[in-house]
Amino acid sequence: MTTPTGCEAKRMRFTKMHGAGNDYVYVNGFSEQLPDELPSLARAVSDRRFGVGGDGLILILPSDTADVRMRMFNADGSEAEMCGNGIRCVVKYAYDHGLAPQPVVRVETLAGVLTAEAALHDGKVDRVRVDMGEPRLSPPQIPTTLGGEQVINTTIDVDGRSVEATCVSMGNPHCVVFVDSATDDLVLGLGPKLEKHAVFPEGVNVEFVEVLSPTEVRQRTWERGSGETWACGTGASAVCVAGVLTGRTERRILNHLIGGDLELEWSAGDGRVRMTGPAVEVFSGEWPS
Ligand SMILES: N[C@H](CCC[C@H](N)C(=O)O)C(=O)O
């Protein structure tokens, strides 16, 4: 495509990927020229009518401390510390496209350098097991202004409704609410109010969880900066921790999310959470930059 002056217009290649239906637009920063204004790029490409469509934008970049660096932007343009479904897709992209020589990939994130191991099918990555690190449980680490050593089954007043919450950070903040049924009234009504509640100074991701058994849950998610998503990997990790803290589940669970299943374990040995789930490349395209 040429401009009126006959110059070749720059176009940025992207790849659309998802982890359990949590879909992002990925850009390979090793090869593509990125604009300075990343939040507005995230908003534009995420738009499901006027853009590519996705829950946000994820950049795969060179790193001085790991194989690759991941930067993650929600659909509203806000940058987050970590993305569990995103890191699985970053690992898939890095191995499949030759950015990482081995199927064990170290990824630099704002939540630290995390290590992931990819499983191959016909030479391509299809599932990834991520060491998500240790949960952060003290109120300042979430962060929240709620009191106590840890926030476990703590009541939050939301416009006159009492909500019982357990808060966990996986590098990004999570508010886990165990419910009998994760209805639209709760997810779409309460979710946005909790996301921006005054007790969460940096906002929060909200997980509404039905406990099916001590080893199985069903989760719906209202994400900070993206609204309801079909899966949330850091959220599922927070749910695994919250289930143990509240005595509702065992340390290893299967989590059913709208877009697919994730396997989680909060190790009693080293205190780290491990998440295993799918990573799918859907299509590639070009974005006029
Ligand atoms: N909305 C989140 C980031 C994406 C997390 C989620 N998609 C995941 O898979 O962990 C936040 O602002 O902390």
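Preceding this paragraph is the structure being described.
Quantities reported herein were computed from a predicted structural model and do not represent experimental measurements.

**Student:** Residues and numbers for the site of the ligand, please.
**Tutor:** Close contacts around the ligand come from 16 residues, with Asn 22, Tyr 24, Gly 84, Glu 223 and Thr 234 the closest. In this structure, an oxygen atom belonging to the ligand sits 2.8 Å away from a main-chain N or O atom of Gly 233. Those elements that place two or more of their residues in the shell around the ligand are β2 (22–28), β4 (68–74), α2 (84–96) and α4 (233–245). Among the residues forming the shell around the ligand, the class breakdown is 6 nonpolar, 8 polar and 2 charged.

**Student:** Tell me about the packing of aromatic side chains, residues and numbers included.
**Tutor:** Per the stated rule, a full pass over the model turns up 2 aromatic pairs. Measuring from centroid to centroid gives 5.9 Å for Phe 14 and Phe 283, while their planes differ by 85°, and the two rings are edge-to-face. You can see Phe 14 sitting in strand β1 (residues 11–19) and its partner Phe 283 sitting in strand β18 (residues 280–288), a full 269 residues away along the chain. Given the relative accessible area of 7%, Phe 14 is considered buried. A relative accessible area of 37% places Phe 283 in the partly exposed class. Taking 6.4 Å as the distance between ring centres and 85° as the angle between the ring planes, the aromatic pair formed by Tyr 24 and Tyr 26 counts as edge-to-face. The same class applies to Tyr 24 and to Tyr 26, which are both buried.

**Student:** Hey, could you go over the environment of Val 176 for me, with residue numbers and the actual values?
**Tutor:** Relative to the helices and strands, Val 176 resides in strand β11 (residues 173–178). C-alpha separation for the pair Val 176 and Val 209, spaced 33 residues apart in sequence, amounts to 7.3 Å. In contact with Val 176, not counting residues within four places along its chain, are Glu 164, Ala 165, Thr 166, Glu 207, Val 209, Ala 238, Val 239 and Ala 242.

Rules used in this analysis
Residues numbered from 1 in each chain as written. Predicted model: local features only at pLDDT ≥ 70, side-chain atom pairs only at ≥ 80, totals over all residues. Heavy atoms only, no water. Near = heavy atom within 4 Å. Polar contact = N/O pair within 3.5 Å; in protein donor to acceptor, adjacent residues only side chain to side chain. Helix = DSSP H or I, 4+ residues; strand = E, 2+ residues; numbered from the N terminus. Nonpolar A, V, L, I, M, F, W, Y, C, P; charged D, E, K, R; others polar. Phe/Tyr/Trp six-rings, centres within 6.5 Å; stacked < 30°, edge-to-face > 60°. Buried < 20%, exposed > 50% of the residue type's maximum accessible area, 1.4 Å probe, protein only. Contact = heavy atoms within 4.5 Å.

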